[in-house]
Amino acid sequence: MRQSISLVLLPFVAIGASAKATFASPPAELYSPIIPQKILATFNALPNPVKYPQWTNTSGTWQYFSPDTWTSGFFPSTPYALNERRSLCPATPENGLGIADWVTLGRSANTGLISLENGNGQGHDQGFLSFPFSEELMVNPNNATAKTALKAFSKILAARYNPVVGCTRSWDASDPTDFQVIIDNMMNLDLLWQASDLTGNDTLRTIAINHADTTLKNHIRDDGEPLLCYADRPAGPRKLIQDLHGTLLNIILPPGLSLRSEPRKDTRIVAPGHVVKLGVSMASLTVSPLSRISLLRPLTLISIVYRLANKSEYLVTARRLAKYFLDNIPADGIVPW
């Protein structure tokens, strides 16, 4: 059965050289009854036909989007998180976790995603769309609806894989020979592992491992600096990044991103006369309020894949990413989001 990939961060203090650790008391706000109250209120306010909340405007009003949106799997997963919290921290009047049947709410909220199994416009984000169904299988491993969803979304994702590139395509481009890959695509690999376990189809697992291996090679520099995106033309070579003098010729950025300064250039030819890759340093981007990037994200992604594949090179890479992150956070230790 799939293991949870949730990351719980608690403050701790190491004591002496004995490797013992004591945990500080978590802030009371983490268990505020306002949390389940707000989630229940948001669930009760979902439009009909269902749309999903993505952000609030300046007045605090939720902005809703159609199910065919890359973030639509997030809110239906949230009741499952509260159900897990209640299993770890029994409901009390103080924490308010007893005000709803969270699994029932999660099941009701995810119904708007079912039609997307037959096709959707979210490119590589099939893993995000499948989140609530993954959570359901952690509650009920025999849920046929959830199994069907994971198999269907994994099929859509696997169809975006190119064995020459060694990755699944992130976004569709007007030029079909442009094969764009963003490091966040690693978030979808868990879906392929789950579907492989459900179906016995080892090809899905192979796709996931190949994608992870290619990401380690093309998205992460030797010093641990991660790259956001690169483009690949599997049909043949292309002058995409720089000429022989290092002049930047063209660059591809996802929506919401603009260059703050000229990025460190990174050109790699992975097969003779075959492909040229584009690398964009995540540290060289100015990001709109709707598309924030954290240098910590790649560390999380590689760590998840290490857990799944248990390959030592993933652990080594995660440690390089962690060192780069710690070496580059602001002096006050507060990481911009």
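What counts as what
Residues numbered from 1 in each chain as written. Predicted model: local features only at pLDDT ≥ 70, side-chain atom pairs only at ≥ 80, totals over all residues. Heavy atoms only, no water. Core = buried A, V, L, I, M, F, W, Y, C linked by side-chain atoms within 4.5 Å. Buried < 20%, exposed > 50% of the residue type's maximum accessible area, 1.4 Å probe, protein only. Helix = DSSP H or I, 4+ residues; strand = E, 2+ residues; numbered from the N terminus. Contact = heavy atoms within 4.5 Å. Polar contact = N/O pair within 3.5 Å; in protein donor to acceptor, adjacent residues only side chain to side chain. Salt bridge = Lys/Arg side-chain N within 4 Å of Asp/Glu carboxyl O. Axes fitted to C-alpha atoms, helices over the stretch in contact; angles between N-to-C directions. Parallel < 35°, antiparallel > 145°, perpendicular 65-115°, else oblique. Left-handed = near helix turned anticlockwise from the far one by under 90°. Nonpolar A, V, L, I, M, F, W, Y, C, P; charged D, E, K, R; others polar. pLDDT = per-residue confidence, 0-100.

Caption draft 1: Spatial organisation of the nonpolar core. Ranked by internal contacts, the top residues of the largest apolar core, which has 33 residues, are Phe 133, Phe 153, Met 186, Leu 189, Leu 192, Ile 302 and Val 305. Looking at this core, the element that brings in the most residues is helix α6 (residues 144–158), giving six residues. Apart from residues lying up to four places away in sequence, Phe 133 is in contact with Asn 110, Leu 113, Ile 114, Ala 146, Ala 149, Leu 150 and Phe 153. Counting eleven residues, the second largest nonpolar core, distinct from the first, contains Phe 43, Leu 46, Phe 75 and Leu 105.

Caption draft 2: Highlighting the side chain of Gln 194. Structurally, Gln 194 can be placed in helix α7 (residues 189–199). Taking the relative accessible area as the measure of exposure, Gln 194 reaches 7% and is therefore buried. One polar contact links Gln 194 to Ser 134, side chain to side chain, over a distance of 3.0 Å.

Caption draft 3: Layout of the pattern of salt bridges. Considering all chains together, one arrives at six salt bridges under this definition. The partner of Glu 136 in a salt bridge is Arg 107, with the nearest N and O atoms 2.9 Å apart. Of this pair, Glu 136 sits in helix α5 (residues 131–139) while Arg 107 sits in helix α3 (residues 102–109), placing them 29 residues apart in sequence. Overall, the relative accessible area of 2% leaves Glu 136 in the buried class. Owing to a relative accessible area of 36%, Arg 107 belongs among the partly exposed residues under this scheme. The closest approach of N and O atoms between Asp 213 and Lys 311, which form a salt bridge, is 3.2 Å.

Caption draft 4: Representation of α5. Across the nine residues of α5, seven count as buried, placing the element largely inside the fold. Within α5 the residues assigned to the buried category are Phe 131, Pro 132, Phe 133, Ser 134, Glu 135, Glu 136 and Leu 137. Against the buried residues of α5 lie α2 (74–88), α3, α4 (126–129), α6 and α7.

Caption draft 5: Representation of the packing of α2 against α3. At their nearest, the axes of α2 and α3 sit 7 Å apart, and the two run at 165° to each other. Between α2 and α3, the angle is such that the two are roughly antiparallel. At the point where α2 passes α3, the crossing takes the left-handed sense. Along the contact surface, α2 presents Pro 76, Pro 79, Tyr 80, Leu 82, Asn 83 and Arg 86, while α3 presents Trp 102, Val 103, Leu 105, Gly 106, Arg 107 and Ala 109. Of the residues that constitute the contact of α2 with α3, the class distribution is eight nonpolar, two polar and two charged.

Caption draft 6: Inspection of the confidence of the model for the protein at higher detail. Mean pLDDT for the protein: 75, with 69% of residues reaching 70 or above. Note on residues 1–21: pLDDT is under 50 here. Beyond four places in sequence and across chains, it has 30 contacts. Counted against residues more than four places away or in other chains, residues 235–293, with its pLDDT under 50, gives 139 contacts.

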